[in-house]
Amino acid sequence: MGPRGWPGIALEGEALYVGSNSGEVLAYNSESGRREWRWEPEAEESGSLLSCGSGGQFRAGLFYGPPVVAGGVIYVGSYTGKVYAIDAETGIEAWNYGFEEPVVGGVAVADGTLFAGTSDGILHALDVTTGQPKQGFVPYETKDEIWSSPVIHGETVYFGSLDHNLYAIDADTGALRWDQPFETGGGIGSAPVIVGDLVLVGSFDGRFYA
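What comes next concerns the included structure.

Rules behind the numbers
- Residues numbered from 1 in each chain as written.
- Predicted model: local features only at pLDDT ≥ 70, side-chain atom pairs only at ≥ 80, totals over all residues.
- Heavy atoms only, no water.
- Pairing = 2+ DSSP bridges.
- Helix = DSSP H or I, 4+ residues; strand = E, 2+ residues; numbered from the N terminus.
- Axes fitted to C-alpha atoms, helices over the stretch in contact; angles between N-to-C directions.
- Salt bridge = Lys/Arg side-chain N within 4 Å of Asp/Glu carboxyl O.
- Buried < 20%, exposed > 50% of the residue type's maximum accessible area, 1.4 Å probe, protein only.
- Core = buried A, V, L, I, M, F, W, Y, C linked by side-chain atoms within 4.5 Å.
- Contact = heavy atoms within 4.5 Å.
- Polar contact = N/O pair within 3.5 Å; in protein donor to acceptor, adjacent residues only side chain to side chain.
- Phe/Tyr/Trp six-rings, centres within 6.5 Å; stacked < 30°, edge-to-face > 60°.

**Section: the sheet that holds strand β7 (residues 68-70)**
With antiparallel pairing, four strands are arranged side by side in an open sheet as β7-β8-β9-β10. The sheet is open, and its two edges are formed by β7 and β10 (93-98), each paired on a single side. Averaged over neighbouring strand pairs, the angle between their axes works out to 20 degrees when direction is ignored. Summarising the sheet, strand β9 (residues 82-87) and β10 pair through five bridges and their orientation is antiparallel. From the neighbouring strand, Val83 faces β10, where its bridge partner is Tyr97.

**Points about the pattern of salt bridges**
Overall, the coordinates contain five salt bridges when judged by the stated rule. In this structure, Lys134 engages Asp172 in a salt bridge whose closest nitrogen and oxygen atoms are separated by 3.4 Å. Here the residue Lys134 occupies a position in the loop between β14 (132-133) and β15 (140-141), and Asp172 occupies one in the loop between β18 (165-170) and β19 (182-183), the gap between them amounting to 38 residues. In this structure Lys134 comes out as buried when scored by relative accessible area, which is 18%. For the salt bridge of Arg177 with Asp170, the shortest nitrogen-to-oxygen distance reads 3.0 Å. Members of the salt-bridge network, linked through shared partners, are Glu24, Arg38 and Glu40.

**Let's talk about the nonpolar core**
Judged by nonpolar contacts, the single largest core of 15 residues is most densely connected at Tyr75, Val83, Trp95, Phe99, Leu114 and Leu126. Every element with two or more residues in this core is listed here: β7, β8 (73-77), β9, β10 and β12 (113-117). Excluding residues that lie within four positions of it along the chain, Leu114 makes contacts with Tyr75, Val83, Val107, Ala108, Val109, His124, Ala125, Leu126 and Val128. The next biggest cluster of nonpolar side chains, apart from the first, holds 13 residues, and it includes Ala10, Trp39, Val69 and Ala88.

**Topic: the pairing of β8**
With five of five residues buried, β8 lies mostly within the body of the structure. Along β8, one buried face is formed by Val73, Tyr75 and Gly77 and the opposite face, lined by Ile74 and Val76, is buried too. Both β7 and β8 contribute to a ladder of three bridges, which runs antiparallel. By the bridge assignment, Val69 is partnered in β8 with Ile74. As consecutive antiparallel partners, β8 and β9 are separated by four residues, and within that stretch Gly81 has a phi angle of approximately 100 degrees, a positive value.

**Topic: the sheet that holds strand β3 (residues 25-29)**
What links the strands of a sheet is backbone hydrogen bonding, and the strands pair in either a parallel or an antiparallel sense. Spatially, the four strands line up as an open sheet ordered β1-β2-β3-β4, and their pairing is antiparallel. Edge positions in the sheet fall to β1 (9-12) and β4 (35-39), since each of these pairs with one other strand and no more. In this sheet, neighbouring strand axes are inclined to one another by 15 degrees on average, regardless of whether the strands run parallel or antiparallel. Looking at chain direction, strand β2 (residues 15-19) and β3 are connected through five bridges and run antiparallel. Bridged to Ala15 within β3 is Asn29.

**A short note on the side chain of Asn29**
By secondary structure assignment, the location of Asn29 is in strand β3. Apart from the residues within four sequence positions on either side, Asn29 is in contact with Glu14, Arg34 and Glu36.

**Notes on the environment of Arg34**
Topologically, Arg34 is positioned in the loop between β3 and β4. At a separation of 2.6 Å, a polar atom in the side chain of Arg34 contacts the side chain of Glu36.

**Let's talk about the packing of aromatic side chains**
All told, the structure shown has 12 aromatic pairs when counted by the stated rule. Ring geometry for Tyr64 versus Tyr79: centroids 6.1 Å apart, planes at 85 degrees, classification edge-to-face. A residue pair is termed long-range when its members are at least 10 positions apart, and Tyr64 in the loop between β6 (57-59) and β7 and Tyr79 in the loop between β8 and β9 qualify at 15 residues. Accessibility classification places Tyr64 together with Tyr79 in one group, the buried group. Site record: aromatic cluster; members linked through ring pairs are Trp39, Phe63 and Tyr84.

Don't take any of this as a statement about function, it's just geometry.
Listed below in structure tokens is the structure:
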């Protein structure tokens, strides 16, 4: 995989899927360790490095968020700004959609809709059947970059932004569900976790919020 591994993994049954910093998605049998298939985009844009606050670096063409498995399809976002749908059994690409800005975090999929945040601070929604923007959903704009992977709970999408805020967005319309975003003392780069009626999230201010 290489010396640096940012992306997480996705596991479904005996199949394990992972994105790599070399711009590939790999499928393994989790029992034997045998590689089942390897996929990479036919062509990716070359790009410059972007230094982040922790001292690491992002490079165009690479995957930093974990893949997501839903309905026999792997979904993954790339720093080139493209989101890909890949058949989980064969490793054949089904479709891709390009945003204008990089996707640093992972994506979330539920009820036929994929949600992804981009580095221009916008949360987008795609129809997973067509690979096109979801009708009726207005992309929600924050005040800074989105590195956080979104999390879907019921009819709400939760995600953080480097503008220090945690957001709760209506999954159908893109409207803010809370009276106002929840503000922390620093940027939010991690995915929130839902436990019961609490949203748990860490912030770059060194605090953990519920």
